[in-house]
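Architecture at a glance
What follows is each chain in one-letter form.
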Amino acid sequence: MDFSWSAEARQRHRAARSLGRTLSADIDARDRAAVFSVEAWQGLGDAGLLGCFVPPELGGGGLSLLDTVYVHEGLASGCDDGGLLLGAHAHLFGCLPPLLAGCTDDQKARWIPRLASGEHICALAMTEAGAGSDAFNMSTTATRNGDHYVISGEKVWITNGPRADRVLVFARTGDGSAMQALSAFMVPGDAPGLTRHPDVPRLGLRTCDVGPLTFDGVRVPEADRVGAEGAGAQLFLAAMEWERIGIMTAALGSMDRLLGQSVRHVRRPRQGRAPLKTHQAVTHRLADIRRDLEGSRLLLYQAAWKVSDGRRAAVDAALSKLTASEAHFTAALTALRSFGAAGLAEGSGIERALRDAACGLIYSGTSDIQRSVVARMMGA
């Protein structure tokens, strides 16, 4: 593996980092009000960051997953808006890979360009309240009716759900094993029978809209089914490799920012006392953040490199998601300890980083789910 980036890749990284700083300038106010920034979203779209790996003929940048990861790590290093990043990454890494893998040429032409530009926001609807982390144990059904399917059921904790222009929904189209009984459909956000419920108030990542979706007899033409009937589970599993890799670029960027903030803080002079950097207990904790950041980065790069090389990376994706999310939470807690009471204050960025990092232990598969994936793939 060679992760020596080209001059062009480094320029994309720097440009994304600079843009991230601009787009998150008002994050404290928007976090308190739990407001999604339409302007920031369009800024990402205008910069090509919502379609990095989409083929150029469909309006994207044509990058590999590895190059996309590097760009989005740069974005996350500058962007202090974890909610915006969650929405963007769910859209880019969660929705676009199964669409690119399963859509016909006609479907791609109809849907992908508007998603890659950010004109349309996409949500992936999989999770259900009764299924918990066992996502395949769903009760939402899609019943064939002539040349249409009728979808009924409810999805919960859907990132971008309350404002999605397009919803990639997974539903049961048959009996028996989920590996043969699930199918995927692209549903307009304003389809009759589809209710997009309001954003759910929550601990962190407040600037992203996350909420339930109810499907009450939503009619979807057969032409809007993504992939073959019964192929939904395979599409979803492949998509999870991309999502678990890409979505953790936000953790890397936040850890990098937290480390920089903490180092600057411990070097500051204190009235009548030596700087905090003179205390070994403090500096050792910061060394631990650096260690965990570098380890997480290498795992994530390795996973992205394998996918870019056309190889399956289920274990690598699970390991990188597990490692980066846990390291991010630990780094935020360590930064809080370094800042002390000052880190508890709104506007410090530290308490918000801790709240956002806690959410990373849950979304896109909890840490225990990642451990289960790794153990199962090892035959344990």
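In this report, the structure presented in the accompanying data block is examined. (Residues numbered from 1 in each chain as written. Predicted model: local features only at pLDDT ≥ 70, side-chain atom pairs only at ≥ 80, totals over all residues. Heavy atoms only, no water.)

Even without a glycine there, the phi angle at Leu-205 is positive, about 50°. When you line up the elements, Leu-205 lands in the loop between β6 (194-196) and β7 (210-221). Phi is positive for Ser-364, close to 60°, though the residue is something other than glycine. By the element assignment, Ser-364 lies in the loop between α12 (350-360) and α13 (367-377). (Helix = DSSP H or I, 4+ residues; strand = E, 2+ residues; numbered from the N terminus.)

Turning our attention to the environment of Gly-48. Relative to the helices and strands, Gly-48 resides in the loop between α3 (38-46) and α4 (65-78). Taking the C-alpha atoms as reference points, Gly-48 and Ser-117, 69 residues apart in sequence, are found 6.6 Å from one another.

What follows is about the pattern of salt bridges. Counted by the stated rule, this structure contains 28 salt bridges. Where Arg-12 meets Glu-8, a salt bridge forms, and the shortest distance between an N and an O atom there is 3.3 Å. Of the two residues, Arg-12 and Glu-8 both sit in helix α1 (residues 7-23), four residues apart, roughly one turn of that helix. On the accessibility criterion, Arg-12 (23% relative accessible area) is partly exposed. Since its relative accessible area comes to 58%, Glu-8 is described here as exposed. We note a salt bridge from Arg-297 to Glu-294, for which the minimum N-O separation is 3.2 Å. With Arg-297 and Glu-294 both in helix α10 (residues 280-308) and three residues apart, the pair spans about one turn of that helix. On the accessibility criterion, Glu-294 (28% relative accessible area) is partly exposed. Here the salt bridges share partners, and the residues they tie into one network are Asp-28, Asp-80, Arg-257 and Arg-352. (Salt bridge = Lys/Arg side-chain N within 4 Å of Asp/Glu carboxyl O. Buried < 20%, exposed > 50% of the residue type's maximum accessible area, 1.4 Å probe, protein only.)

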